[in-house]
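# A closer look at the structure
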Amino acid sequence: MSMQDISRFRFTDGKPNLRRYHQARWDEPVIFELSQAGERGVLVPEVEVAIEAAGHDVLATLPAGMQRKDAPALPELSQNRTLRHYLRLSQENLGADFNVDVGQGTCTMKYNPKINEQLARAPKMSELHPLQHEDTVQGILQVMYAMEGVLKEVSGMDAINLQPRSGSHAIYANMAIIRAWHESRGEGAQRDEVITTIFSHPSDAACAKLMGYKVITLYPDENGYPDLEAMRAAVSPRTAALIITNPEDTGIFNPRIREWVDLAHSVGALTCYDQANANGLMGIARAREAGFDLCHFNLHKTFATPHACGGPAVGAMCVTEALAPFLPRPRVVQDGQRYRLDMGDDRSIGKVSAFLGTASIVLRAYAWVMNLGADGLREVSEIAVLNNNYMMAELLKIRGLTAPYAEGHRRIEQVRYSWAGLAADTGIHSDEIGIRAADFGTHYWTSHHPYVVPEPATIEPTEAYSRADLDEFVGIMRHIADEARQDPAKVKGAPYNCPIHKVQGDYLDDPARWAITWRAWQRKLREHGAA
């Protein structure tokens, strides 16, 4: 048998070739299908004789209305079958710990240090109960107070609250503060408009709308920057707030942001900075110096804690001293050598989350920033910007891919690209490129609706990826673009190497076919006579 140098399949001139990739496919049943009556993962100890002899019926202490009539219909599995089930599911997946996850632009996917998981899962943290007396949780209260201090330095703001459980949740809570502020001044009914921009995060407009405001959305000028003249025309005594992302989702930083803030202030409006795109700004630019009244950060993005598939996360609210009384309560305060919960006064918008939010996420973020220090945080941003501009230079060598707006200018931490040229030449659309990318163990998402940028793809490399990682992703994009020109049917037929091949999306518009739980699925099968 001849020997082969397998490295020559993997690298050319030191750069990675396309992977010979195929994802695992286990055809794994739903865990309820695996259930075997009587099978157990943990055997609960028998009741001790002395306790049984005492004859105390614990269940009798529960109110009758809280007692089950039937045992819960939970799956019954041994430990090893449970472990195999979830490991198999994990192999049929893509994610930040599996692949070069730079294709989820605006999500700031980065490495979450596993040592921080050890901290969060240690009994000292994992066995805390949110209803413990504050005297018994001084450690985590100190961590939360200290993390607020870090965010004060990063933002320049005066007061912080870590209660919201997502970035959008923090935006919503900031909107509640804006409304409470104007109502406290007798201007709540007068100020019924909020101004934002089309390339700010969609949650900015959505939360303003949910709070009852009329939303005015401004579009970029001919150079791709937020249109300052449109802002001049939009502000009025009806303006409650300006809420804006900077850099916007295009990756373009608005250099005249201070003029925007001053314009809003000139008519008595508040200004709110959505800092979900802050990964290129830490230690470089702050909300305070730009004049903002409020801002928020996503600890699950910029501060390297898990996204956890949409939660639990932490949206950190940051405000000036004038708005501090309106923050959610309770707040953690330092009182001498100890920490306690302060309930504030009636100006607070009240609780926006159970207890104090997600304490374990705050602990992970605190561990991350303390490991880096102030200089390290700045270096994170500098590397993120360097990675992004290196990648932009390489990607724009691909025919059919462009970076609309601000032509010739560098971007901050991400770029919203357009495959419009490739689509016109080949009929291959951006979403089809994303699906084909999964055949090489990576992907990007195209949830950028409405498609103001045609055929969009947002790439955000962050600081966590090496040059080899970036080259690998660029190589995948280049290969798919070449394939689109030479064999478009191959791209349209993807994916080929994933656990599930072509997904039919027609059911998405048919609620009668939806089932979000196993029991709902069983019920629908019975309704259709299939069970």
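Residues numbered from 1 in each chain as written. Predicted model: local features only at pLDDT ≥ 70, side-chain atom pairs only at ≥ 80, totals over all residues. Heavy atoms only, no water.

### Some words on helix α5 (residues 114-121)
Of the positions making up α5, those classed as buried are Asn 116, Glu 117 and Ala 120. Across the axial projection of α5, the buried residues extend over an arc of 110 degrees, all falling on one side. Relative to its buried face, α5 has exposed residues pointing more than 90 degrees away, namely Ile 115 and Gln 118. Buried positions along α5 lie against α6 (123-126) and α12 (359-395). (Buried < 20%, exposed > 50% of the residue type's maximum accessible area, 1.4 Å probe, protein only. Helix = DSSP H or I, 4+ residues; strand = E, 2+ residues; numbered from the N terminus. Arc of directions from axis to C-beta. Contact = heavy atoms within 4.5 Å.)

### Side note on the environment of Leu 162
Relative to the helices and strands, Leu 162 is located in the loop between β3 (159-161) and α8 (167-184). For Leu 162, a relative accessible area of 4% translates into the label buried. For the pair Leu 162 and Met 317, spaced 155 residues apart in the sequence, the C-alpha separation amounts to 6.4 Å. For Leu 162, the contacting residues outside a window of four places in its chain are Met 144, Met 147, Glu 148, Leu 151, Val 314, Gly 315, Ala 316, Leu 356, Gly 357 and Val 362.

### Considering the pairing of strand β8 (residues 294-298)
With five of its five residues buried, β8 lies for the most part within the structure. Burial of β8 is two-sided: the residues Leu 294, His 296 and Asn 298 facing one way and the residues Cys 295 and Phe 297 facing the other way are all buried. Pairing between strand β7 (residues 270-274) and β8: three bridges, direction parallel. Each residue of the ladder has a partner; that of Tyr 273, found in β8, is Cys 295. Bridge analysis of β8 against strand β9 (residues 315-319) gives five bridges, and the strand direction is antiparallel. Note that in β9 the partner of Asn 298 across the bridge is Gly 315. (Pairing = 2+ DSSP bridges.)

### Let's talk about the sheet that holds β9
In space, the seven strands of this open sheet follow the order β3-β9-β8-β7-β6-β4-β5, with mixed pairing throughout. Strands with a single pairing partner mark the edges of an open sheet, and in this sheet they are β3 and β5 (214-218). Neighbour-to-neighbour, the strand axes of the sheet open up by a mean angle of 20 degrees, direction not taken into account. Against the sheet, helix α7 (residues 138-155) touches β3, β8 and β9, its axis set at about 125 degrees to β3. Against the sheet, helix α11 (residues 257-266) contacts β4 (193-197), β5, β6 (239-245) and β7, and its axis sits at roughly 165 degrees relative to β6. (Axes fitted to C-alpha atoms, helices over the stretch in contact; angles between N-to-C directions.)

### Section: the nonpolar core
Grouped together as the largest cluster of nonpolar side chains are 56 residues, with contacts concentrated most on Met 147, Leu 151, Leu 162, Met 231, Phe 292, Leu 299 and Phe 303. Elements represented by at least two residues in this core include exactly α7, β5, α10 (228-234), β6, α11, β8, β9 and α12. The element best represented in this core is α12, accounting for nine residues. Met 391, Met 392, Leu 470 and Ile 476 belong to the second largest nonpolar core, which has 31 residues in total. (Core = buried A, V, L, I, M, F, W, Y, C linked by side-chain atoms within 4.5 Å.)

### With respect to the packing of aromatic side chains
Under the criterion given, the structure shown has seven aromatic pairs. With 6.4 Å between their ring centres and 0 degrees between their planes, Phe 32 and Trp 518 make a pair best called stacked. On the criterion of sequence distance, the pair formed by Phe 32 in helix α2 (residues 31-34) and Trp 518 in helix α17 (residues 518-527) is long-range, its members being 486 residues apart. Its relative accessible area of 29% is what places Phe 32 among the partly exposed residues. Judged by its relative accessible area of 22%, Trp 518 is partly exposed. An angle of 85 degrees between the planes, with centres 5.9 Å apart, marks the rings of Phe 297 and Phe 303 as edge-to-face. As far as the burial class goes, Phe 297 and Phe 303 line up, both buried. Note that Lys 490 overlies the ring of Tyr 496, its terminal NZ or CZ placed 5.7 Å from the centroid. (Phe/Tyr/Trp six-rings, centres within 6.5 Å; stacked < 30°, edge-to-face > 60°. Lys NZ or Arg CZ within 6 Å of the ring centre and 35° of its normal.)

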